[in-house]
Amino acid sequence: MKKEFDIAIVGSGITGNTLAILLSKLATNPSKIALIQKTEPNELINRRNKPDVLALSYGSKLLLESINAWPKESSIIKTVHVSKFNQFGKLLLRNTDLNVDQLGSIINYDNLQRTLDNLVINSEVSLIYGNDIEIVKKDNSYQTQIDGSFLKSTIVVQANGINCNGIEKQYDQKALLTTIKIKSVNNNDRWAWERFTDTGCITLLPTPNNPDLYSVVWCDKTKNIECLRNMTNKEFSISIKKFFGDLIGEVSTDCEKHVIPLSLKIKKHLNNLNLVTIGNAAQTIHPIGGQGLNLGLRDVGCLSRCFDKWLDNKAETISILNKFNKQRSLDRIVTIGITEILTNVFSSRASPIQKVFGISLSIINLIKPVKKSIIRQLILGLRI
Ligand SMILES: Cc1cc2nc3c(=O)[nH]c(=O)nc-3n(C[C@H](O)[C@H](O)[C@H](O)COP(=O)(O)OP(=O)(O)OC[C@H]3O[C@@H](n4cnc5c(N)ncnc54)[C@H](O)[C@@H]3O)c2cc1C
């Protein structure tokens, strides 16, 4: 095993893999890029705490298409409906509001991970496996320790999804993940739904494989989620229908339910010496609004642009990493902020936002510039 690399990427989830493939196209010698992954296959690891489908923005689609990683099967989202149960008012975000073809797409998580795994195997990036992988500080720089031996690299990219040494907030909330069947009248324009309740939010995303199937992410107080988990399929279908009413057709399900805990974790410094952090390792956010991976892929796009110049002369490493940090800060703050506001809408019954939420949605629906800027943030994030 070659022991010295230009860049060592630790973690081969979607962000680590995407960065490795992008860099393999930019570097004159891609074998100097190391992708360090756990020996255990990604499929086994990723089934824990992961959704079945992902809502990805148009910007994420463009990035993945640029490396031929966009899965063949996807459902296009042209309309997103946001509303509150038992309150007047709604916000309808449509592709036509911004004159774009689509607001985003829904893809299967495993499909994307598998496609990226294959692309990485067929690239010239050096793949390094280990069981015990740690990023350690040694002689005033960061290095990767793999099963006891050190791998030296000029830069270490942390893409392992593990977020520590930062701000951490545990929500008294869990997410229940499952799939339901909705008997719909018109399958041509399949909407994505965010329906707020007094204590939670139910997201319905049209799955790519079957026009009647919708992926459910139901975030709520821990005790409510435990109650939902223990329901029979029929009881669960009735609960969904109760909160959506006539907005959707008849509901049924025979799918397994998975429950995961939710927390917010933000790493304080995106870069420190020669270490730079991207994706969930930098920020693990609440799934409401489906922004986690979109934000992570914007980290990847920005970092690859910074590395493009660095790979030519490998000079000014620290200032390049500082530049990355600076460029990413506004988008991170805004996305995390919006996610927190949405979480706050249902986390406290007495919240003033909660009381006027329905009407606020209708007001936003009427103010075109505000609506457009929400759609722009959803599609592309903030770019500077
Ligand atoms: C319920 C739910 C729904 C979601 N829906 C959406 C959505 O619709 N849209 C969206 O954009 N985002 C969504 N997200 C967020 C999205 O799933 C994550 O942001 C994304 O998967 C993070 O990717 P990552 O590559 O940064 O990290 P991870 O997926 O955590 O990948 C990290 C990788 O590093 C590996 N690893 C761990 N430790 C080590 C180590 N020591 N050494 C080497 N490798 C290691 C892991 O095995 C893994 O392969 C959702 C999240 C949840 C929980």
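Here, every reference points to the structure presented above.
Description of the structure in this document. Values in this document were obtained by computation on a predicted structure and should not be read as measured data. (Residues numbered from 1 in each chain as written. Predicted model: local features only at pLDDT ≥ 70, side-chain atom pairs only at ≥ 80, totals over all residues. Heavy atoms only, no water.)

### Section: the sheet that holds strand β4 (residues 75-77)
What links the strands of a sheet is backbone hydrogen bonding, and the strands pair in either a parallel or an antiparallel sense. Reading across from one edge, β3-β7-β4 is the order of the 3 strands in this open sheet, with antiparallel pairing throughout. For this open sheet the edge positions go to β3 (53-57) and β4, each flanked by a neighbour on one side alone. The sheet shows a mean angle of 30° between the axes of neighbouring strands, taken without regard to direction. Each of β3 and β7 (104-108) touches helix α3 (residues 58-65); the most contacted strand, β3, lies at about 95° to it. (Pairing = 2+ DSSP bridges. Helix = DSSP H or I, 4+ residues; strand = E, 2+ residues; numbered from the N terminus. Axes fitted to C-alpha atoms, helices over the stretch in contact; angles between N-to-C directions. Contact = heavy atoms within 4.5 Å.)

### Examining the packing of helix α1 (residues 14-26) against helix α4 (residues 109-121)
Between α1 and α4, the shortest axis-to-axis distance is 9 Å and the interhelical angle comes to 35°. Regarding α1 and α4, the two cross each other, and that crossing is left-handed. Residues Ile 14, Asn 17, Thr 18 and Ile 21 of α1 touch α4, and the partners they reach there are Tyr 109, Leu 112, Gln 113, Leu 116, Asp 117, Leu 119 and Val 120. Of the residues belonging to the contact of α1 with α4, the class tally is 7 nonpolar, 3 polar and 1 charged. (Left-handed = near helix turned anticlockwise from the far one by under 90°. Nonpolar A, V, L, I, M, F, W, Y, C, P; charged D, E, K, R; others polar.)

### Things to note about the nonpolar core
The biggest cluster of nonpolar side chains holds 43 residues, and the ones touching the most others in it are Ile 7, Ile 9, Leu 112, Val 157 and Phe 307. For this core, the element with the highest residue contribution is helix α7 (residues 292-313), accounting for 9 residues. The contact partners of Val 157, leaving out residues within four places of it in the chain, are Ile 7, Ala 8, Ile 9, Val 10, Leu 19, Val 276, Ile 278, Leu 303 and Phe 307. (Core = buried A, V, L, I, M, F, W, Y, C linked by side-chain atoms within 4.5 Å. Buried < 20%, exposed > 50% of the residue type's maximum accessible area, 1.4 Å probe, protein only.)

### Concerning a nonpolar patch on the surface
A cluster of nonpolar residues, Phe 88, Val 356, Ile 359, Ile 363, Leu 366, Ile 367 and Val 370, forms a patch on the protein surface that exposes about 680 Å² of accessible area. Residue contributions to the nonpolar patch peak at 3 residues, all from helix α10 (residues 357-366). Topologically, Leu 366 is positioned in helix α10. By relative accessible area, which is 71% here, Leu 366 ends up exposed. (Patch = residues over 30% accessible without salt bridge, like charges linked within 9 Å, V, L, I, M, F, W, Y side chains within 5 Å. Areas by Shrake-Rupley, 256 points an atom, 1.4 Å probe, with all protein chains shown as cover. Salt bridge = Lys/Arg side-chain N within 4 Å of Asp/Glu carboxyl O.)

### So, the packing of aromatic side chains
Here a ring pair, both rings aromatic, is described through the centre-centre distance and the interplanar angle of the planes. Summed over all chains, the structure comprises 6 aromatic pairs. Ring centres 4.8 Å apart and planes at 80° place the aromatic pair Phe 85 and Phe 243 in the edge-to-face group. Linking Phe 85 in the loop between β5 (79-84) and β6 (90-94) with Phe 243 in helix α6 (residues 233-244), this pair joins segments that are 158 residues apart in sequence. On the basis of relative accessibility, which here comes to 13%, the residue Phe 243 falls in the buried class. Ring centres 5.9 Å apart and planes at 50° place the aromatic pair Trp 218 and Phe 236 in the tilted group. Here Phe 236 lies in helix α6 and Trp 218 lies in strand β15 (residues 213-221), a separation of 18 residues in the sequence. Take Phe 236: its relative accessible area is 0%, and that puts it in the buried class. The ring of Tyr 214 has Arg 190 lying over it, and the distance from NZ or CZ to the ring centre is 5.3 Å. (Phe/Tyr/Trp six-rings, centres within 6.5 Å; stacked < 30°, edge-to-face > 60°. Lys NZ or Arg CZ within 6 Å of the ring centre and 35° of its normal.)

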